[in-house]
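Understanding the architecture of this molecule
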Amino acid sequence: MVNQETLTLDIGFTYEDFASKLDDYDYHFNPGDVVAGTVFSLEPRGALIDIGAKTAAYIPIQEMSINRIDTPEEVLQSNETREFYILADENEDGQLTLSIRRIEYMRAWERVRQLQTEDATVRSLVFATNRGGALVRIEGLRGFIPGSHISTRKPKEELVGEELPLKFLEVDEERNRLVLSHRRALVERKMNKLEVGEVVIGTVRGIKPYGAFIDIGGVSGLLHISEISHDHIDTPHSVFNVNDELKVMIIDLDADRGRISLSTKQLEPEPGDMVKNPQVVYDMAEEMAVKYREQILAKQQGILTEEASQGAEEEVPSAMEEAEIPDAMEEAEVSTAMEEAEIPDAVEEAIPPVIETEITAIEEEVPSPAEEEIPAVPTEIEEVSVAVEG
């Protein structure tokens, strides 16, 4: 029988030394890191995740999804391996806090930036309204539609639950702002069906010192005062009244700015007919439009002589020149409107309870880079020359 004492070796390496060596090879996890983890325990309000740390990390239920969920099983399964975002450093028990929702938000911002770059039209349900406009969700982020960019005759409160086509106005992750336009989406769709030189029937919806806004099938175009007649006109009120029906010709389409420029001047058989006898202009509108289109085509093909070209330039609408027609929505005007609007954060830090006066897009706590509150946007910007009303 071998004496057990003879098998005891003094190697000078204790359990404490072993633990210390393990620490040397321990991974260092920092808030903001994205790591792989495996679910090994689902709990009523969270889950324990093995990410290779000495202590299991924890993910609370509110950090499991960009959307509201009731149970962890809606998102996670036992033994599932996936990516997690380290939300907070170790607590006093050495436990890290994880998030899936933060990863989803990062990817959502990346996706909406891509959609904006592509100038894509997206569709989304209105889930709430506030005094400044309407709220929608795009890729899980809360988007805001200013009242001036909601193109419907319905009260905005009745839009809740309705799906709207939308274009992006502002995508700013740093400021936590996602702003969209219903009006611009409708204008683009309508403009795709219109052509320069086309005669359309419209209704006068508004009159300003610089021109009249004409509704042409749900979108509004500007009939600039310089494009009403060859004769001088002091004010559009001397020619039109609100709700008058008339024929106009489209002389410019600017999809990027959402601008439709109109003319009756180019339809006059004789200079001044719009002032003296507008019915003659309407009766001969299609015939005059054909001549206009032929003239434009000839100019484009370079057939006109220099003298004829100069004459044609006098007939070509001055409304096509930047200096004479205000943009439907000048960049400065867009900026001002956005600054004046009460734009909710796309991701909000402290989420108040859901109440009727203000409903937040996200029901849990999410860090927000922007917390400023801005006065509400007016419900209508009359100076905008393209305002979709249906």
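These lines cover the structure that appears in this document, whether it is placed above or below. (Residues numbered from 1 in each chain as written. Predicted model: local features only at pLDDT ≥ 70, side-chain atom pairs only at ≥ 80, totals over all residues. Heavy atoms only, no water.)

**Quick notes on the nonpolar core**
Ranked by internal contacts, the top residues of the largest apolar core, which has 32 residues, are I216 and F240. Elements with a contribution of two residues or more to this core: α3 (182–191), β11 (199–208), β12 (211–215), β14 (245–254), β15 (259–263), α5 (278–283) and α6 (285–300). Setting aside its immediate chain neighbours within four residues, F240 contacts V204, I207, A212, L223, I228, L246, M274 and Y282. I66, A108, I145 and L159 belong to the second-largest nonpolar core, a separate cluster that totals 24 residues. (Core = buried A, V, L, I, M, F, W, Y, C linked by side-chain atoms within 4.5 Å. Buried < 20%, exposed > 50% of the residue type's maximum accessible area, 1.4 Å probe, protein only. Helix = DSSP H or I, 4+ residues; strand = E, 2+ residues; numbered from the N terminus. Contact = heavy atoms within 4.5 Å.)

**Examining the sheet that holds β11**
Taken in spatial order, the five strands close into a barrel running β11-β12-β13-β15-β14, and their pairing is mixed. For this sheet, the mean inter-axis angle between neighbouring strands, taken without regard to orientation, is 50°. In this sheet, β15 lies alongside strand β13 (residues 220–224) in parallel orientation, the contact comprising two bridges. Its bridge partner being in β15, L222 is matched across the sheet by S261. Sheet contacts for α6: β11 and β14; angle to β14, the most-contacted strand, approximately 20°. (Pairing = 2+ DSSP bridges. Axes fitted to C-alpha atoms, helices over the stretch in contact; angles between N-to-C directions.)

**Things to note about the pairing of β15**
Along β15, five of the five residues are buried, which leaves the element largely enclosed by surrounding structure. The two faces of β15 match: R259, S261 and S263 on one face and I260 and L262 on the other face are all buried. Hairpin remark: β14 followed by β15, antiparallel, with four residues in the connecting loop; positive phi at G258, about 65°.

**With respect to the packing of aromatic side chains**
Evaluated as defined, the whole model comprises one aromatic pair. Pairing Y210 with F213 gives two aromatic rings, centres 6.2 Å apart and planes at 90°, and the pair type is edge-to-face. The class of Y210 is partly exposed, set by a relative accessible area of 25%. The ring of F127 is capped by R137, whose NZ or CZ atom sits 4.1 Å from the centre of that ring. (Phe/Tyr/Trp six-rings, centres within 6.5 Å; stacked < 30°, edge-to-face > 60°. Lys NZ or Arg CZ within 6 Å of the ring centre and 35° of its normal.)

**Some details on the pattern of salt bridges**
All chains considered together, the criterion is met by 15 salt bridges. In this structure, R177 engages E170 in a salt bridge whose closest nitrogen and oxygen atoms are separated by 3.1 Å. (Salt bridge = Lys/Arg side-chain N within 4 Å of Asp/Glu carboxyl O.)

**A few points about the environment of I228**
Tracing the backbone through its elements, the reader meets I228 in the loop between β13 and β14. For I228, a relative accessible area of 0% gives the class buried. Along the backbone, I228 and A212 are 16 residues apart, and their C-alpha atoms lie at a distance of 9.2 Å. Residues within four places of I228 in sequence aside, it is in contact with L223, I233, P236, V239, F240, T264, K265, E268 and M274.

**Focus on helix α2 (residues 101–117)**
One turn of the α-helix equals 3.6 residues, which is why residues spaced by three or four share an orientation. Compared with the 24 Å implied by 1.5 Å per residue over 17 residues, the 24 Å span of α2 between its first and last C-alpha is a close match. Of all the residues in α2, the buried ones are R101, R102, I103, Y105, A108, W109, V112 and L115. (Expected span 1.5 Å × (residues − 1).)

**A short note on unusual backbone geometry**
A positive phi angle, close to 55°, is found at D119, a residue other than glycine. Considering the arrangement of structural elements, one finds D119 in the loop between α2 and β6 (122–130). Take D119: its relative accessible area is 44%, and that puts it in the partly exposed class. Its identity is not glycine, yet E139 carries a phi of approximately 55°, on the positive side. Residue position: E139 is located in the loop between β7 (133–138) and β8 (141–146).

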